[in-house]
Amino acid sequence: MADPQGFMKVVKKDAPKRPVTERIGDWDEVYAEQPAAERAREVAEQATRCMDCGVPFCHSGSAGCPLGNLIPDWNDLVRRDRWGAASERLHATNNFPEFTGRVCPAPCEAACVLSIAENDTGGSVTIKRIEQAIADAAWDGGIVVPQHPVISTGKKVAVVGSGPGGLAAAQQLTRAGHDVTVFERDDRLGGLLRYGIPAFKMDKSILERRLSQMRSEGTHFVTDCEVGVDLTVEQLRARFDAVVLAVGALRARDNTTVEGRELKGIHLAMDHLVPSNRECEGDGASPITAKGKHVVIIGGGDTGADCLGTAHRQGAASVTQLDYNPELPTERDDERSPWPSWPMVLRTSPAHAEGGVRRYEVAVQRFLGDEQGNVRSMVLAEVKVSRDAEGRRHVRPVGEEVELPCDMALFAIGFEGVEYSRMLDDLGLSLTRRGVLSCGPDWQTTAPGVFVCGDAHRGASLVVWAIAEGRSAARGVDVYLSGHSDLPSPVHPTALPLAVV
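What you see is a predicted model, and the numbers here were worked out from it, not measured in a lab. (Residues numbered from 1 in each chain as written. Predicted model: local features only at pLDDT ≥ 70, side-chain atom pairs only at ≥ 80, totals over all residues. Heavy atoms only, no water.)

1. Quick word on the overall build of the protein
Then comes step 1: Along the backbone of the protein there are 19 helices and 15 strands.
Then comes step 2: Relative to the globule expectation of 23 Å for 501 residues, the C-alpha radius of gyration of the protein, 23 Å, shows essentially globular dimensions.
Then comes step 3: The dimensions of the protein, computed from C-alpha atoms along their principal axes, are 65 × 65 × 50 Å.
Then comes step 4: Per-residue burial over the protein gives 50% buried out of 501 residues.
Then comes step 5: Accessible surface, the protein as shown: approximately 22,400 Å² in total, 50% of it carbon and sulfur. (Helix = DSSP H or I, 4+ residues; strand = E, 2+ residues; numbered from the N terminus. Rg over C-alpha atoms; globule rule 2.2 N^0.38 Å. Buried < 20%, exposed > 50% of the residue type's maximum accessible area, 1.4 Å probe, protein only. Areas by Shrake-Rupley, 256 points an atom, 1.4 Å probe, with all protein chains shown as cover.)

2. Things to note about the packing of aromatic side chains
Then comes step 1: In the structure shown here, the tally under the stated rule is six aromatic pairs.
Then comes step 2: Where F57 meets W339, the ring centres are 4.8 Å apart and the plane angle is 65°; that geometry is what we call edge-to-face. Taken as a pair, F57 in the loop between α3 (36-47) and α4 (71-79) and W339 in the loop between β8 (318-323) and α16 (350-353) lie far apart in primary sequence, 282 residues in all.
Then comes step 3: On the basis of relative accessibility, which here comes to 28%, the residue F57 falls in the partly exposed class.
Then comes step 4: Relative to F411, the ring of F367 has its centre 6.2 Å away and its plane inclined at 75°; by these criteria the two rings are edge-to-face. With F367 in strand β10 (residues 362-369) and F411 in strand β13 (residues 408-411), this pair connects stretches of sequence that are 44 residues apart.
Then comes step 5: Seen from the ring of Y195, R278 lies directly overhead, with NZ or CZ sitting 4.2 Å from the centre.
Then comes step 6: When the ring centre of F200 is taken as reference, the NZ or CZ atom of R313 above it lies at 4.0 Å. (Phe/Tyr/Trp six-rings, centres within 6.5 Å; stacked < 30°, edge-to-face > 60°. Lys NZ or Arg CZ within 6 Å of the ring centre and 35° of its normal.)

3. Topic: the UniProt feature "domain: FAD/NAD(P)-binding" (unreviewed entry) in the protein
Then comes step 1: According to UniProt, the feature "domain: FAD/NAD(P)-binding" (unreviewed entry) maps to residues 155-470 in the numbering used here.
Then comes step 2: Note that residues 155-470 is 27% helix and 26% strand, and that its end C-alpha atoms are spaced 18 Å apart. (UniProt positions renumbered as here; feature names shortened; annotations may be inferred.)

4. What to know about the sheet that holds strand β7 (residues 294-298)
Then comes step 1: The five strands lie next to each other as β6-β13-β7-β8-β9, forming an open sheet whose pairing is parallel. Bordering the open sheet on either side are β6 (266-268) and β9 (357-360), each of which pairs with just one other strand. Direction aside, neighbouring strands of the sheet carry axes that sit 20° apart on average.
Then comes step 2: Pairing of β8 with β9 involves four bridges; the strand directions are parallel. Residue pairing in the sheet places T320 in a bridge with V357 of β9. (Pairing = 2+ DSSP bridges. Axes fitted to C-alpha atoms, helices over the stretch in contact; angles between N-to-C directions.)

5. Things to note about the pattern of salt bridges
Then comes step 1: Counted according to the given criterion, the structure contains 33 salt bridges.
Then comes step 2: Measuring nitrogen to oxygen at the nearest pair gives 3.2 Å for the salt bridge that ties R376 to E403. Within this pair, whereas R376 is found in strand β11 (residues 375-387), its partner E403 is found in strand β12 (residues 393-405), the two being separated by 27 residues in sequence.
Then comes step 3: Ionic contacts of the salt-bridge type, sharing partners, join the residues D187, R188, R194, E208, R278, E281 and D283 into one network. (Salt bridge = Lys/Arg side-chain N within 4 Å of Asp/Glu carboxyl O.)

6. Quick word on the side chain of H178
Then comes step 1: Residue position: H178 is located in the loop between α10 (164-175) and β2 (179-183).
Then comes step 2: If we ignore the near neighbours within four places in the chain, the residues touching H178 are T153, K155, V157, L173, D478, L481 and S482. (Contact = heavy atoms within 4.5 Å.)

7. Observations regarding the pairing of β10
Looking along a regular strand, one sees the side chains alternate between the two faces of the sheet.
Then comes step 1: Both β10 and β11 contribute to a ladder of seven bridges, which runs antiparallel. Bridge assignment links F367 to a residue of β11, and that residue is M378.
Then comes step 2: The turn joining β10 and β11, which pair antiparallel and follow one another in sequence, is formed by five residues; a positive phi near 85° is taken by G373.

8. Structural notes on the environment of R210
Then comes step 1: Inspection of the secondary structure puts R210 in helix α12 (residues 204-217).
Then comes step 2: The exposure class of R210 is buried, given its relative accessible area of 1%.
Then comes step 3: In this structure, the C-alpha to C-alpha distance between R210 and L167, residues 43 residues apart in sequence, is 9.7 Å.
Then comes step 4: Filtering out sequence-adjacent residues up to four positions away, R210 remains in contact with H91, N95, F96, P97, E98, F99, W139, V144 and Q171.

9. Describing the UniProt feature "domain: Dihydroprymidine dehydrogenase" (unreviewed entry) in the protein
Then comes step 1: The sites that UniProt annotates as "domain: Dihydroprymidine dehydrogenase" (unreviewed entry) are residues 37-140.
Then comes step 2: As a span, residues 37-140 carries 56% helix and 0% strand, and end to end its C-alpha atoms are 12 Å apart.

10. Observations concerning unusual backbone geometry
Then comes step 1: Cis geometry marks the peptide bond from W339 to P340; its omega dihedral reads 5°.
Then comes step 2: In this structure, P340 sits in the loop between β8 and α16.
Then comes step 3: For D81, which is not a glycine, the phi torsion comes out positive at approximately 65°.
Then comes step 4: If you trace the backbone, D81 turns up in the loop between α4 and α5 (83-91).
Then comes step 5: Given the relative accessible area of 56%, D81 is considered exposed.
Then comes step 6: The phi dihedral of W443 is positive, around 75°, even though this residue is not glycine.
Then comes step 7: Judged by its relative accessible area of 2%, W443 falls in the buried class.

Spelled out as structure tokens, the structure:
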């Protein structure tokens, strides 16, 4: 059994990172490579901090991991040097632990019992690090192999979109014996895993090896194919018995009301990230580069942090990140976000540790340009954020205006929902007020035989939620086609993370 005092004997230790001066000079992952034996020893030691709690909130769907990852189980197996068994237990609930171990913000760690009083316990178990180590060790040891279906149902399923939700649904349905084809409108597979997440957070070879496994299992992939345009909905319906929509929520939020928004050098975040990722893929230099420029990122979330790290590697002269919200505390406020809910605390990503300035409670008032129509600066003002009786947010200037040098501005203020498309029109589907697609308890939309999962249903969210929804929607499709299913369904379409409202 686990050592209930392990956290008192072993100090929490995160995965080592490469020096900042080294990593901002390339696009390799920020974490340092370790010899296999050293990594195994350190991670096994960290796993001993897990108490195997009587009620493990870390894999509670409402507070911790929506996949229901059996975290105490594989922590104990790693502690006992049973890495193969740990991989089996991990893959039982998560199709792509090498993705989540790199890019998931780890709600499981926030829900760890050791997070109740971090000053006394030393902090949560390093679940994310252990997960990535198990997955990488499994790949290095040849444990991860194709899992071929044992039957063939004769049914054909189309999955539209190759992000984590679509890939999870496709892999589950292929293994259940269905003939699955994934359609991707881009030239490469992966969705935001490919072109949204920078290579310094997840090297694309990690994605490629999983895609190779899926091809070996029998999943088919078609790129450069936009359903509704290159392949009509009528053709799709004629060829397939069921359809899964995993098209994401890529309609970026903009602020076109700001004076000077039309100036050259002002872009949406994804217009910066996508071509920089394409450059890393060998497609040539990005037309939007921060080299030698004073860059201002509007938005304080993960996408803004991705732009920050990208700007560092492109050689920006300076980078400033703006957030109209107040600076968050460094420790959990039990009244605002009590354990085991997601804590409202200040987070510092590896990109923030690389440089740049963060400014809080400020908002852009207008952009100023030069004679050639290029942005040269922006005018900021201190602001206060309030909400009205209906919950609508209002941002009100309260302080003096300040001019800030700015040769390049990036809006990283979130996403409004699913992009409008002919495919949705031809399927007879409309978006909700939140800009997403609704579904019934079986993940089926109002179009018979058409299912939805991931950000297209939930809105822009975490990769772990996309995988959970993809796995759950796969069960809905399997029941629809076969009348029953042995596939797991970790989340319900109405599931939400635990939060204080």
